Amino acid sequence: SCAHARNAARVIAAAPAGARLVFLGSTRKFTRWPDAHGNGVLAGEAAFLASARSGVMLHPTMIYGALGEDNVRRLAVLLRRLPIVPLPDGGRSLVQPIHQSDVTRAILAALEHPWTGPTSMVIAGPEAMSYLDFMRAVAAASGAKKPRVMALPLGLLMAVAGLLRAVPGLPNVEAAEIRRLLEDKAFDITAMRQILGFTPISLAEGLALTFGPLHRHDPGLPGHGPRES
């Protein structure tokens with residue numbers, strides 16, 4: 001089920017008794033600033049774990065690389081159009097994005113695994129890095145200039161983001177997204193490697209797939225695909 005994890009209880013109730021269940025959750029469940037998305041994941045996970053049904057709920061970190069996704073492509077647009085990029089704490093918080101091809105591989109592996117009872121598992125890229133390093137990697141892969149960064153306090157940065165929303169051609173950045181830039185999103189993926197049986201691709205490889213030669217100079221305006229997890 002790729003429906004939001006909040007629907008897990010309904011899926012469980014509708015599924016045959018012997019079905020192997022694979023759900024997509026989100027690492028948003030770990031946020032310090034709860035929202036409807038994260039709370040829905042927590043509720044769905046609780047229903048699944050209490051069900052005693054066999055399967056897994058996979059919790060991906062930020063997913064990038066899919067057609068129309070609104071994570072690295074939106075960031076590439078911002079990096080092209082902002083002379084200076086303001087970041088809380090200078091972008092030192094950690095991220096561990098996962099390429100969409102690895103999310104697909106994780107789902108396919110989970111469908112074949114002989115689960116016994118319910119399991120919850122984080123799926124993420126191979127290593128964590130600072131948001132600043134992530135941003136620099138996106139700039140290099142998309143053909144943008146190396147970003148100039150200004151560290152700003154959270155409150156001031158949220159005010160600046162509000163002003164930037166009035167600038168035509170710039171993608172919107174919501175206040176909740178800015179708050180989450182202060183959270184470390186680094187995870188142990190030992191279970192992913194051992195149980196699902198593969199190692200995720202590096203950020204460099206994933207960005208090369210995302211911004212191939214045909215797209216390096218025109219990342220385009222982002223659509224309305226999935227944002228961060």
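Worth saying up front: this structure is predicted, and the values here are computed from it rather than measured. (Residues numbered from 1 in each chain as written. Predicted model: local features only at pLDDT ≥ 70, side-chain atom pairs only at ≥ 80, totals over all residues. Heavy atoms only, no water.)

Moving on, we come to the overall build of the chain. Scanning the chain from terminus to terminus reveals nine helices and nine strands. Counting across all 229 residues of the chain, residues that qualify as buried make up 47%. By sequence separation, contacts in the chain at least 24 residues apart represent 84% of the contacts at least 6 residues apart. On the chain, roughly 11000 Å² of surface is accessible, and the fraction owed to carbon and sulfur atoms is 59%. (Helix = DSSP H or I, 4+ residues; strand = E, 2+ residues; numbered from the N terminus. Buried < 20%, exposed > 50% of the residue type's maximum accessible area, 1.4 Å probe, protein only. Contact = heavy atoms within 4.5 Å. Areas by Shrake-Rupley, 256 points an atom, 1.4 Å probe, with all protein chains shown as cover.)

The subject of this paragraph is the confidence of the model for the chain. Chain-level pLDDT for the chain is 88 on average; 90% of the residues reach the 70-or-more range. Here residues 214–228 is modelled with pLDDT under 50, and outside its nearest four sequence neighbours on either side it reaches 43 contacts, counting other chains as well. (pLDDT = per-residue confidence, 0-100.)

Of the two faces of strand S4 (residues 85–88), the one carrying Val85 and Leu87 and the one carrying Pro86 and Pro88 are both buried. Direction of pairing for S4 relative to strand S9 (residues 149–152): parallel, over a ladder of four bridges. Bridge pairing in S9 places proline 86 opposite methionine 150. (Pairing = 2+ DSSP bridges.)

Leu79, Tyr131, Phe134, Met135, Val138 and Leu207 are the most contacted members of the largest nonpolar core, which totals 22 residues. Counting only elements with at least two residues in this core, the list comes to helix H3 (72–81), S4, helix H5 (131–142) and helix H9 (203–210). By residue number, the principal contributor to this core is H5, which donates seven residues. Here phenylalanine 134 is in contact with Met62, Val72, Leu75, Val95, Pro97, Met129 and Leu203, once residues within four sequence places are set aside. (Core = buried A, V, L, I, M, F, W, Y, C linked by side-chain atoms within 4.5 Å.)

Glancing now at the pattern of salt bridges. Summed over the entire model, instances satisfying the criterion amount to seven salt bridges. Between aspartate 35 and arginine 180 there is a salt bridge, with the nearest N and O atoms lying 3.6 Å from each other. In this pair, aspartate 35 sits in the loop between strand S1 (21–24) and helix H2 (36–51) while arginine 180 sits in helix H7 (residues 175–180), placing the two residues 145 residues apart along the sequence. According to the relative accessible area criterion, aspartate 35 is partly exposed, its value standing at 22%. Note on arginine 180: relative accessible area 5%, which makes it buried. When salt bridges that share partners are traced, they join Arg28, Asp35 and Arg180 into one network. (Salt bridge = Lys/Arg side-chain N within 4 Å of Asp/Glu carboxyl O.)

Next up on the list: H3. With eight of 10 residues buried, H3 is to be regarded as a mostly interior element. Here H3 has its buried residues at Val72, Arg73, Arg74, Leu75, Ala76, Val77, Leu78 and Leu79. The inward-facing, buried residues of H3 abut strand S3 (63–64), S4, H5, H7 and H9.

In this section: the sheet that holds strand S7 (residues 118–123). Sheets are built from strands paired through backbone hydrogen bonds, the pairs being either parallel or antiparallel. Strands sit in the order S1-S2-S7 across an open sheet of three strands; the sheet is parallel. Looking at which strands have only one partner, the edges of the open sheet turn out to be S1 and S7. Ignoring which end each strand starts from, the neighbouring axes of this sheet average 20° apart. The pairing of S1 with strand S2 (residues 55–60) spans four bridges and is parallel. Within S2, the residue paired with phenylalanine 23 across the bridge is methionine 57. Strands in contact with helix H4 (residues 100–112) are S1, S2 and S7; relative to S2, the strand with the most contacts, it is inclined by about 170°. (Axes fitted to C-alpha atoms, helices over the stretch in contact; angles between N-to-C directions.)

Moving on: the pairing of S1. A two-sided burial pattern is seen for S1, the buried positions comprising Leu21 and Phe23 on one face and Val22 and Leu24 on the other. With H2 bridging S1 and the parallel S2, this β-α-β connection has right-handed handedness. (Right-handed = clockwise from strand over helix to strand, strands pointing away.)

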